[in-house]
Amino acid sequence: MTLFRRLLDDRAFLAGAVIAGVMVLVALFAPLLTALAGQDPTTFHPELLDSARGGVPLHGITADHWLGVEPGTGRDLFARVVYGARVSLGVAVSALALQLLIGVGIGVAAGLGGRYTDAVLSRLTDLTLAFPLLVLAIALLAIVPQSWPRPALLAVVIALLGWGGTARIARGETLSLKTRDYVSAARVSGAGTLLVARREILPGLAAPVLTYAALILPSNMITEAGLSFLGVGVRPPTPSWGQMLSSATTWFRADPMYVFVPGALLFVTLLAFVLVANGVRRVVDPRQREVLR
Amino acid sequence: MTLLSVRDLRIGFGNTQAVDGLSFDLEAGGALGIVGESGSGKSATALALLGLHGEARIEGSIDFDGLELTGASEDQLRAIRGAGIAMVFQEPLTALSPFHRVGDQIAEVYRLHTGATRKAARERAVEVLRQVHIADPERRARAYPHEFSGGMRQRALIAMALACNPRLIVADEPTTALDVTVQAQILDLLDEVRTATGAALLLISHDLGVVAGSTDDVIVMRRGAVVEAGATDQVLVTPRAAYTKDLLAAVPKPSPARVIQGGPLLRVSGVSKRFRKFTAVDDVTLDVREGETLGIVGESGAGKTTLSRMMVGLIPPDRGSITLAGADIARRRGRSVQMVFQDPMSSLNPRRTVGESIADPLRLIGEPAPRVKIEALLVRVGLAPSHYDSYPHQLSGGMRQRVGIARALAPSPRLIVCDEPVSSLDVTTQAQVLALLEDIRLERELTMVFVTHDLAVLRQIADRVVVMHDGAVAEVGDVAAVYDQPQHAYTKELLAAIPVADPIEARRRRALRRVELAGAGLSGSGLAGAGLAGTGLAGTGLDGAGLDPEPLGATQPE
Amino acid sequence: MTGYLLRRVGGAIVVLLGLSIIVYALFYLAPKDPAILTCGKGCTPDRLADVRAAMGLDASPPAQYWEFLRGLFLGRDFPAGPDVRHCPAPCLGYSFETDQPVTKLLADRLPVSASLAIGAEILSLAVGIGAGLLSGLRRFRILDRIVNGLILAGYAVPVFLVGLFLLLLFCVRLQWLPFPTYVPFTTDPAAWAENLILPWIALAVIQSAAYARLTRAGVQESLAEDHVRTARAYGIPEGRIVRTRALRGALVPLVTLTAIDLAAIMASAVLTETMFGLPGVGQLLVGAVNQIDLPVVVGVTLLTGFLVVVANAVADLLYAAVDPRVQLR
Amino acid sequence: ACQGGGDTGTTTTAFDPATCQGGTLSVLNQGGITHLDPARLYTSGGGNIPSLLFRTLTTRNRLEGEAGTKPAPDLATDLGTPSDGAKTWKYTLRDDIFFEDGTPITSADVKYGIERSFAPELPGGAPYLRDWLVDAAAYPGPYKAPDGLRSIETPDTKTIIFKLSKPEGDFPFLATATQFAPVPKAKDKGADYEAHPVSSGPYMVEKYEPKKTLTLVRNPHWSKAADTLRYACPDRIEVTSGLDAAVINQRLTSGAGQDANAVTTDAVVGPEQLAQLGSGSELDKRVARGEFPSTTYLAFNTKKAPFDNPKVREALSYAINRTSVVNALGGSAVAGPSTTFLPPQKALGYQAYDYFPAGDNGDPAKAKEVLAAAGLTNLTIELAHENDDSEGIGPKVAAAIQDAFKQAGVTVTLNAIDTATYRDVTGKPATQPGLSLATWGADWPSGGPFLIPIFDGRQIITAGGNFNQSQYNDPAVNAEIDAIQALTDPAEAQARWGALDAKLGKLALVLPLTHEKDVYLYGKNVKNAVPDGWRGTYDLARISVK
Ligand SMILES: Nc1ncnc2c1ncn2[C@@H]1O[C@H](COP(=O)(O)OP(=O)(O)OP(=O)(O)O)[C@@H](O)[C@H]1O
Ligand SMILES: Nc1ncnc2c1ncn2[C@@H]1O[C@H](COP(=O)(O)OP(=O)(O)OP(=O)(O)O)[C@@H](O)[C@H]1O
Ligand SMILES: [Mg+2]
Ligand SMILES: [Mg+2]
């Protein structure tokens, strides 16, 4: 109750939440929105391009094309960024779900397990945390067959390589929670490890893990955009902001709008999610140690 | 001559008025005690003397040696700090900078106020360390705080206070974090320092026993105001204010002895437990007889908690066996043994309702809908049935401990192990909870193991007592026998160190300790019988391991 | 100390071996054949088989891995026409693509990535600590807000977005700077810095946010600690408290992070290097992955892994150096 | 100095090779020179940079337009003497040719150079020699078989004779390849030879770091008199590779400092520069426009449904929107719509035809009609393409095609295949997808190498490396190919190749999309940057920065 009240008092959080909410809605209702605009993200409009000048759009923003069209193809930019939101958010959210699943599972197992289990799992966590995952992600994404569904694959790769932070937090919390006397009390009463994990530990993990999760979401979005930017992420014609930015680099001067639209959207969305995460973190635990890295 | 004169001091933080019209005087060279329960504004007052409050509203007057401190400039205050008024803080663990050597920290203060050379400052640091009885001060001055034990750190803080020959030493709960024996040493040291340097002492504590032997005058505070003030002898012996009387009454008193007929219910034989290289419990053998209350007492780190957790099967022993009515305890958990924990805050899951927490053990033994039963239990421990749906944070410390007791009682155990169940409670609440436990024990004919570091509490509640020292059993016996004729040197030391609220008795004990210390110092070898000098420093863990942070993992810290 | 180092080295070797096995396995599982690329257009199956044999790809994967391991510790020889090519001890193999020893390729690229990482790190530390300190000490309220905003923004911008923006602004619009091309420091230090300044800024925008946040939190936390109160109670001036105590407390996590970040930037500079066209290790990797140049991929992975492991050990040592409470075990 | 006076624009008339000497030419490239070994290079006409180092038996005639599409003698005194119905080719070497160390070049050096290219340790070169020379397919190179190839004879130090297994009128074109460059056996270090290949051309290697830099300086033993085709104007040539195309073009445009003396051999201008290329602009004077004969097309696997149905192929030929494809490739400056398989160049024998006329933007209605007539509705097909756009058959083009077919009611699912394995998958009939994107470029400007691999039924290689993706095998066509190949008169051959292409076009075995156009910028000080007719780009051997 009061948490909620405090969140609502935080103006930065509110702004972030509103924008993030709008983006989520945009992603959810992408087909509807583009239909409203009378466009779709894949139809080419060669007639709107100046082929002699490399395919730059002939017009900027028009009544038909609310943000103009993509150079080189003439596809509707508005439709593409709207659908891009789907990929960006979809990949980030599914990766997040997987990360939490893996991270909490491993973290709790390490925290509750014996010395040996803990040592092995902790080392593993440290390794994934320390290793420059972009390197492995690129290698991994480059060698899986192209026919595999890309967004799903991206989510899995991001999750597989990025559960370390969650695991560490979950383990740390578990270690601290398990020394709490109420856990001892449950065990004195005869509760087994699984029951203890479910009833006493997991609810306690919710706050710190979710606070952290709020932070990984934008970070996942950045990873997705980065991988797509490098050309190992989402493939055309599926639109993704990172990939649009990547193609936009060749249109720097000829069509700045093309750089600006996905870039600004990505930035604003990320900022919104970071603001939300920050607000949540401040409210849930004002003195929590810095988890942002 | 009046050194410090506080008039109508008011300190407010936002909506709370921490100190509300406090006035007192302190003579040069005198000793004034301030007692009061937690939150009564003691620390706030102490910090105000040095102008250390950041965001507080401070009104009234603090006159130190002719200088008005409430309106003083930052420069004036800085000159006073350390040189005029020196503070000894409550938490020796954190009050010293972990990054600097102890000697350097003291020298820094000295140089700052006297402008002495580096060398002179270092020498002064060694000198004051010697003055507070740190052995081998030259070497110890080069140590980091984490290489010191708690007692030594507190000594170092006192040394720092002495460095600039202040006229007033303010000690804010200087012994709260320390063991009884160490506490006695520190109090003795403060007393010694006061006579040696002529500095006045403002001693703050919530424990009547602490101020009783060390101060000439005392003020009793409650909610930011003085309830009673006067000479220590008079206030603590013939209190006038009702609140002071309550405080004194809450001090535990011995209860009449009982005769226990029961046979051994819980048998602990040859049990040891090691953590890495450290032996926490060392070959302990003892019986808990059916129907008795067995007290376990000992200093911090003596292994009390480890032993009690082994008794309920939470920690498996490395060696030896623990049986409950003949069966291995590891298999008899749940129904027959329960535990009450020290910290009422952490012993309840903050995310579950009180009733749910109590219901767990019942569900585990097959009671599907135990609400009615639990409400009855809640009433029995002095709560309302409606508390079933409360969350722990909505309850006070005492209420939470009642819930803890209710949970332990729920599955109708035969044995309850209580690990310091009242240590974190206020004196008055402590008395109520103890009474509740005693009532319930009688009513249910429970067997109880009661772990505490507080000898006075044990004397009131236990039938027999086990004194633990360094993981081993030093002495076992009936309460009266152990308290009146302690056999083991360590038990004697422990008993001698108990602070008593009676000022005259307190001073008599201090004198006794002095004589023994002097005797030990003279003879060079500790008298085995008195043993104070020999074990005194050892008890502080002079050479024990200090803070030992986690080894760094591959990527720590974040 | 010695025991600690020995254990670290042992652990590192195990980690690196594991890593190399994983990468090897990944690439063998992938249905790709580097010989096809090498053989070129119009390659017949017979010719392909010959080329594959010449590249040493006809042996079984375990045998190849074993050869690789031997090469790593003992060096190895490669058939190369009339002569034999010797690849001395830490031999990571020959790049299929460029016909050069991987070690040489890495040695060529490392200065670029190192220039990028070290410069960016210095810049981010300077900016991050400065901003964090000013806002942590709450000297200027406005500044605190600005830093706060920047910290948040720093978390929200991906490096390529910053890079894109910087290129657009400085190279295209204002034309103050040339499009970055790498000039070795030894050739022309001024040109080296001029060409790297944009990548540095791009990385620092993000990195310094983390440092600012850490410094600020560290300073604020340290200032709230009991021993700082003690220092104040003994009249120690505020400036001195900040210098010797608060900064010191903030330094502990910073120092550790710096060492690790340095390795991490170097290893994950893929985006920055691609963005700015710098011929560093990251770019080498992207190229090698696309060309299925296994020895290079393994080499880069091992190098980055090695750097990370070393950085972690260094971080531990530094940690022990700045915080006397820490003992290495 | 250049005689052009104040005019910085280049005019061939004003250019005098005699006074062009001096200066340093910078070459800014994207792709690295991965190999500098003449055995491992795969070039058309000897390549741009390689032909600065390596002289070959013949070389391209470095002239603008049609004249430039012919071979010219280089090391040899003439274009070769065919006999035995073009199955034997004999060459005589010039007298005044030397390696960079002053040793005279002999026919044995040329033979050894060719033999090296057979070694599996030195892969990468073009496959023709293995196919054409008698008994050469199984030859494992001089390291394993030091006796050498018997089908190359060197009766004396100046004469070299090639024995071919069938008539090849195009042999003088093939002899322009770097495999025909001489290699002194004594200096051969196998795979390490490329660290410093021994030069026979006007420049030699001073410094070479693969994929990064190559510095060339004058070869003192090369003489202008002995090589009239190469002007070799700059004293020094510095190649930097691994640059971004946008960066290269930006640098060429602004031309600051040494960049004024810069050119590129592989960075076609991008949209940034195209936008500034308004006619009469300063930049417009600094572009070279040419056409390298290359076609991007859709390959049908006629053994796979539904592409075994000619109506489907026809319908798709109507549906295609070539404007979209052109735009996807970078606009009309770099690609032109093609309805023929042969690119529009006389040297190849180009004859215009358009059997499925639909305009540049396609005629989806007509396509629908054709499909409906054939009883096919709701067709769903899969299109294979490379996973990056570097070769021009990547996702961008695929998406354009997908959209065009969608207009005709055909649903296209995209199948991205790794660039690295793309040829492997599409080159094996067993794994070849029904529809795939492909490009085909000329190894030399003649119809033969353009049409034979694609339509000769005997070239269907089931084990892999197949280019005849339609898997079309018509004995009549095969016979016609053989007949044209035996012709040694290019003009006669051209006409017949063109006719063959037109005949095949009716069958819609492939769906031609675009042909390549090249627009290269060059620096402010660069002169005589004239695209040659063979390769569509300027020739480094004739550029001056003076
Ligand atoms: N910095 C502060 N900001 C807000 N409230 C404060 C602050 N310091 C103290 N208080 C409040 O002032 C009151 C008195 O606190 P103080 O620390 O003086 O109590 P105390 O008597 O020393 O108690 P304890 O025995 O627990 O140390 C408490 O209610 C406390 O919550
Ligand atoms: N899990 C553990 N790991 C390592 N050492 C431990 C552990 N638990 C206890 N110890 C050590 O064992 C010794 C005995 O601890 P124990 O908690 O039993 O003492 P105690 O008598 O209950 O002390 P206190 O009065 O402070 O509660 C201590 O020195 C403690 O540091
Ligand atoms: Mg206090
Ligand atoms: Mg304990």
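Cut-offs used in this document
- Residues numbered from 1 in each chain as written.
- Chains lettered and ligands numbered in written order.
- Predicted model: local features only at pLDDT ≥ 70, side-chain atom pairs only at ≥ 80, totals over all residues.
- Heavy atoms only, no water.
- Phe/Tyr/Trp six-rings, centres within 6.5 Å; stacked < 30°, edge-to-face > 60°.
- Helix = DSSP H or I, 4+ residues; strand = E, 2+ residues; numbered from the N terminus.
- Buried < 20%, exposed > 50% of the residue type's maximum accessible area, 1.4 Å probe, protein only.
- Patch = residues over 30% accessible without salt bridge, like charges linked within 9 Å, V, L, I, M, F, W, Y side chains within 5 Å.
- Areas by Shrake-Rupley, 256 points an atom, 1.4 Å probe, with all protein chains shown as cover.
- Salt bridge = Lys/Arg side-chain N within 4 Å of Asp/Glu carboxyl O.
- Contact = heavy atoms within 4.5 Å.
- Buried area = accessible area lost by both parts, 1.4 Å probe.
- UniProt positions renumbered as here; feature names shortened; annotations may be inferred.
- Pairing = 2+ DSSP bridges.
- Core = buried A, V, L, I, M, F, W, Y, C linked by side-chain atoms within 4.5 Å.
- Domains from an automatic or database assignment.
- Near = heavy atom within 4 Å.
- Polar contact = N/O pair within 3.5 Å; in protein donor to acceptor, adjacent residues only side chain to side chain.

Novice: What should I look at first to understand the packing of aromatic side chains in this one?
Specialist: For any pair of aromatic rings, geometry is given as the distance between the ring centres together with the angle between the planes. Evaluation of the coordinates by the stated rule reveals 29 aromatic pairs over all chains. Look at Trp66(A) and Phe78(A): their rings are 5.0 Å apart centre to centre, the planes differ by 50 degrees, and that puts the pair in the tilted class. Within this pair, whereas Trp66(A) is found in the loop between strand 2 (56-57) and helix 4 (77-112), its partner Phe78(A) is found in helix 4, the two being separated by 12 residues in sequence. When its relative accessible area of 14% is taken as the criterion, Phe78(A) is described as buried. Judged by centre distance (4.7 Å) and plane angle (55 degrees), the rings of Trp440(D) and Phe467(D) are tilted. Here Trp440(D), found in strand 17 (residues 435-441), pairs with Phe467(D), found in the loop between helix 12 (447-455) and helix 13 (475-485); they are 27 residues apart in sequence, far enough to count as distant. For Trp440(D), a relative accessible area of 4% gives the class buried. Relative accessible area serves as the criterion here: at 13%, Phe467(D) is assigned to the buried category.

Novice: How do you make sense of a nonpolar patch on the surface when you look at a structure like this?
Specialist: A contiguous nonpolar surface patch, about 480 Å² in accessible area, is contributed by Val24(A), Leu25(A), Leu28(A), Phe29(A) and Leu32(A). Relative to the helices and strands, Leu28(A) resides in helix 2 (residues 11-28).

Novice: Is there a simple way to think about the interface of chain C and chain A in this case?
Specialist: In many reports, interface size means the accessible area that the parts give up when they come together. Chain C puts 42 residues into the contact, and the matching count from chain A is 36 residues. Of the roughly 3,800 Å² buried between chain C and chain A, counting both surfaces, carbon and sulfur atoms make up 80%. The largest contributions to the chain C side of the interface with chain A come from Tyr155(C), Phe160(C) and Leu164(C), which together make up 15% of the buried area. Our enumeration of links across chain C and chain A arrives at zero salt bridges.

Novice: Just to check I follow, could you spell out the UniProt feature "transmembrane region" (unreviewed entry) in chain A for this structure?
Specialist: When the UniProt feature table is mapped to this numbering, "transmembrane region" (unreviewed entry) covers residues 12-37, 87-112, 124-145, 151-170, 201-222 and 257-280 of chain A. End C-alpha atoms of residues 151-170 of chain A are separated by 27 Å, and the span's content is 90% helix alongside 0% strand.

Novice: Quick question: what am I supposed to make of the pairing of strand 19 (residues 518-521) of chain D here?
Specialist: Note on strand geometry: in a regular strand, side chains alternate between the two faces of the sheet. Residue and element names in this part refer to chain D. With burial as the criterion, each face of strand 19 is covered, one bearing Asp-518 and Tyr-520 and the other bearing Val-519 and Leu-521. Sheet topology note: the strand 12 (residues 287-290)/strand 19 ladder contains four bridges and is antiparallel. The residue of strand 19 that forms the bridge with Arg-289 is Val-519.

Novice: Looking at this structure, how should I read the nonpolar core?
Specialist: Note on soluble globular proteins: their nonpolar side chains tend to be buried together. In terms of nonpolar packing, the biggest core is built from 162 residues, with Ile138(A), Leu227(A), Phe27(C) and Phe68(C) touching the most fellow members. Here the element with the most residues in this core is helix 10 (residues 193-230) of chain A; it accounts for 15 residues. Both domains that furnish three or more residues to this core are identified here as domain 1 (34-94) and domain 2 (107-322) of chain C. Those residues within four positions of Leu227(A) in sequence are excluded, and the remaining contacts are Leu134(A), Ala137(A), Ile138(A), Leu141(A), Leu154(A), Ile158(A), Val232(A) and Gly233(A). Listed in part, the 106 residues of the second largest apolar core include Phe24(B), Ala156(B), Leu178(B) and Ala212(B).

Novice: Any chance you could explain the site of ligand 1 here in plain terms?
Specialist: All names here are of chain B. Around ligand 1 lies a shell formed by Phe-13, Ala-18, Glu-37, Ser-38, Gly-39, Ser-40, Gly-41, Lys-42, Ser-43, Ala-44 and Glu-173. In this structure, an oxygen atom belonging to ligand 1 sits 2.5 Å away from a side-chain N or O atom of Ser-38. At 2.9 Å, a backbone N or O of Lys-42 approaches an oxygen atom of ligand 1. Top contributing element to the shell around ligand 1 by residue count: helix 1 (residues 42-49), with three residues.

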